[in-house]
Amino acid sequence: MSALSTTTASRFEAAAPKEGTAESRQWLTLVGRKKVLAVIHTVTYGKRLLDVLSLLEADFRVQVFFTAPPHDFGDGVAAFLARLGSVVLPWEQATHMTFDLALAAGPRGVEHIDAPLITLPHGANYLKRITEGPHAGVAGLRRQDLLPGGRLPAAVGVPHHADLSELARNCPEAHPLAHVIGDPVHDRITASLPLRAAYRRALGLGHGRKLVVAVSTWGAHSAFGRFDALLPRLIGELPPDRYRTALLVHPNVWAGHGAYQVRSWLAHCDHRGIGIVPPEADWRSILIAADWIIGDHGSVTLYGTLTGAPMLLATSPEQEINPSSPAAALAAHAPALSPTHPLADQLAYAAEEYRPEDYAPIRSRITSEPGRFNRNMRRLMYDLLGMGQPAHEPVTLPLPEPPPPGAWDPARGEASA
């Protein structure tokens, strides 16, 4: 646990060493609140849970706490939580407390939390599969994902009705606990599409300049594994007066290799007009602003089908894709990046051949509850809390404008604005 988390938690310990005691009531201003714990394993998981936690805003009956279990890709979580100004409990302390509700987008260690637990996918649908080793199966639908430590959660949130049959096959014990709630990223992106022109202005995309967004998930078969071949083409084949390029690299790449190493590998990009989007930045408005997307089999590429931008697939490894997922359908349909033809010509071809209606079946597989995630998720949380919902519609807000590329600081790997 980082020094930051320990310090923040110590402040809470001083304020409430034992809930309900005279000492805790002396220091806390609001007592007797329902306690909700957000379990933040990685930056990716944290971003997903922020969309959920926003549904508890302005409810004085609820106090939200955060904790960060040990995780291989946990680098950056302490800084992420510090920016929120949140009360961060050390993992050891959180596992010895009782909460009224817990939320997690990953399974590691959550069986030690004393609370009704809602588990959620941390990305779009269930796209990846593991084909080797003792934990083979569809990631997110395996027994160890749904029953960590052999313990059933209170609820399993899934994005699509079609996921229920896979859930029943992979982990029948969890099937009765499943709730089809939808996808928060889908809803935020679709609610924000009318602001595309504003996002493009914020990114300085005037005078006919086009934006190419290169996207990579993590892992040995991701697009990042081929960036050493792709980057020279983005730099050398796309005139900077006509094109702007942004790189969206999965936070697990940054956490796994270290921010220093990722910046070192991408050191010359910023000087050549390629923007490196930091891992904690909100990438969704940048994706909406894109004229083309060059992606792989990860969630961000799939979400890109919502934007109407033509895309090229730099890689789509069959062995890593869940064959019943929308990523498999996308891999079978989207044009593949060629190593030999000029990149600008391939972008032009993708634009000429792009038909939005061809991608409609892929988009529709992301969620069967479009626009209803907030409604469904809030109802589920308040049901488990044993409380009535606030008497207003949970509105899906458009995304804020992205900071201009000049506010991205590649020397620190974070947005300075």
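Residues numbered from 1 in each chain as written. Predicted model: local features only at pLDDT ≥ 70, side-chain atom pairs only at ≥ 80, totals over all residues. Heavy atoms only, no water.

**Structural notes on the side chain of Arg-378**
Looking at the secondary structure, you find Arg-378 in helix H18 (residues 373-385). Salt bridges are absent for the buried Arg-378, whose nearest opposite-charge side chain, Glu-393, sits at 6.0 Å. One polar contact links the side chain of Arg-378 to the main-chain carbonyl oxygen of His-392, over a distance of 2.7 Å. What Arg-378 contacts, discounting residues up to four positions off in sequence, is Leu-55, Phe-373, Gln-389, Pro-390, His-392 and Pro-394. (Helix = DSSP H or I, 4+ residues; strand = E, 2+ residues; numbered from the N terminus. Buried < 20%, exposed > 50% of the residue type's maximum accessible area, 1.4 Å probe, protein only. Lys, Arg positive; Asp, Glu negative; His and termini not counted. Salt bridge = Lys/Arg side-chain N within 4 Å of Asp/Glu carboxyl O. Polar contact = N/O pair within 3.5 Å; in protein donor to acceptor, adjacent residues only side chain to side chain. Contact = heavy atoms within 4.5 Å.)

**Focus: the sheet that holds strand E2 (residues 62-67)**
If you walk across this open sheet you meet the seven strands as E3-E2-E1-E4-E5-E8-E9, and the pairing is parallel. Each having just a single partner strand, strand E3 (88-89) and strand E9 (178-180) make up the two edges of the open sheet. Pairing between strand E4 (residues 101-104) and strand E5 (residues 117-119): three bridges, direction parallel. Residue Ala-104 lies in a different strand from E5, and its bridge partner there is Thr-119. (Pairing = 2+ DSSP bridges.)

**Comments concerning helix H8 (residues 184-192)**
Most of H8 sits out of view: seven of its nine residues are buried. For H8, the set of buried residues is Pro-184, Val-185, His-186, Asp-187, Arg-188, Ile-189 and Ser-192. Elements that come into contact with the buried residues of H8 comprise helix H3 (43-53), helix H9 (196-202), helix H13 (284-289), helix H14 (299-304) and H18. The backbone nitrogen of Val-185 lies 2.9 Å from a side-chain oxygen of the residue at the head of H8, namely Asp-183.

**Notes on the pairing of strand E11 (residues 243-249)**
Counting buried residues along E11, seven of its seven residues qualify, which places the element largely inside the surrounding structure. On E11, burial covers both faces: Tyr-243, Thr-245, Leu-247 and Val-249 on one face and Arg-244, Ala-246 and Leu-248 on the other are all buried. As a crossover connection, the stretch from strand E10 (residues 210-216) through helix H10 (residues 227-236) into E11 is right-handed. Where E11 lies against strand E12 (residues 274-277), four bridges are found, and the strand directions are parallel. (Right-handed = clockwise from strand over helix to strand, strands pointing away.)

**Details of helix H7 (residues 163-170)**
Given 3.6 residues to a turn, an α-helix orients residues that are three or four positions apart in the same direction. Residues Asp-163, Glu-166 and Leu-167 constitute the buried set of H7. Here the buried residues of H7 occupy an arc of 100° about the axis, which is enough to place them on one side. (Arc of directions from axis to C-beta.)

**Quick notes on the sheet that holds E10**
Across the sheet, five strands lie side by side as E12-E11-E10-E13-E14; this open sheet has parallel pairing. The open sheet has two edge strands with one neighbour each: E12 and strand E14 (311-313). Going across the sheet, the axis of each strand differs from the next one's by a mean of 20°, ignoring polarity. For E10 and E11, the ladder comprises seven bridges, and the chain directions are parallel. For Ser-216, the partnering residue across the bridge sits in E11 and is Val-249. (Axes fitted to C-alpha atoms, helices over the stretch in contact; angles between N-to-C directions.)

**Section: the confidence of the model for the protein**
Per-residue confidence for the protein gives a mean pLDDT of 89; residues scoring 70 or more make up 90%. This stretch, residues 1-25, has a pLDDT under 50; its non-local contacts, to residues over four places away or in other chains, come to 40 contacts. Under a pLDDT of 50 for its full length, residues 410-417 has, in the predicted model, 21 contacts with residues more than four places off or in other chains. (pLDDT = per-residue confidence, 0-100.)

**Looking at the environment of Pro-107**
With respect to the element layout, Pro-107 can be found in the loop between E4 and E5. In sequence terms Pro-107 and Leu-147 are 40 residues apart; their C-alpha atoms lie 8.0 Å from each other. Discounting chain neighbours no more than four positions away, the residues touching Pro-107 are His-41, Gln-144, Asp-145 and Pro-148.

**Section: the pairing of E2**
Bridge count for strand E1 (residues 34-39) against E2 is six bridges, and the pairing is parallel. Paired with Leu-37 across the two strands is Phe-65, which belongs to E2. Chirality of the crossover, the property in question, places the unit of E1, H3 and E2 among those that are right-handed. Taken together, the two bridges between E2 and E3 define a ladder with parallel strand orientation.

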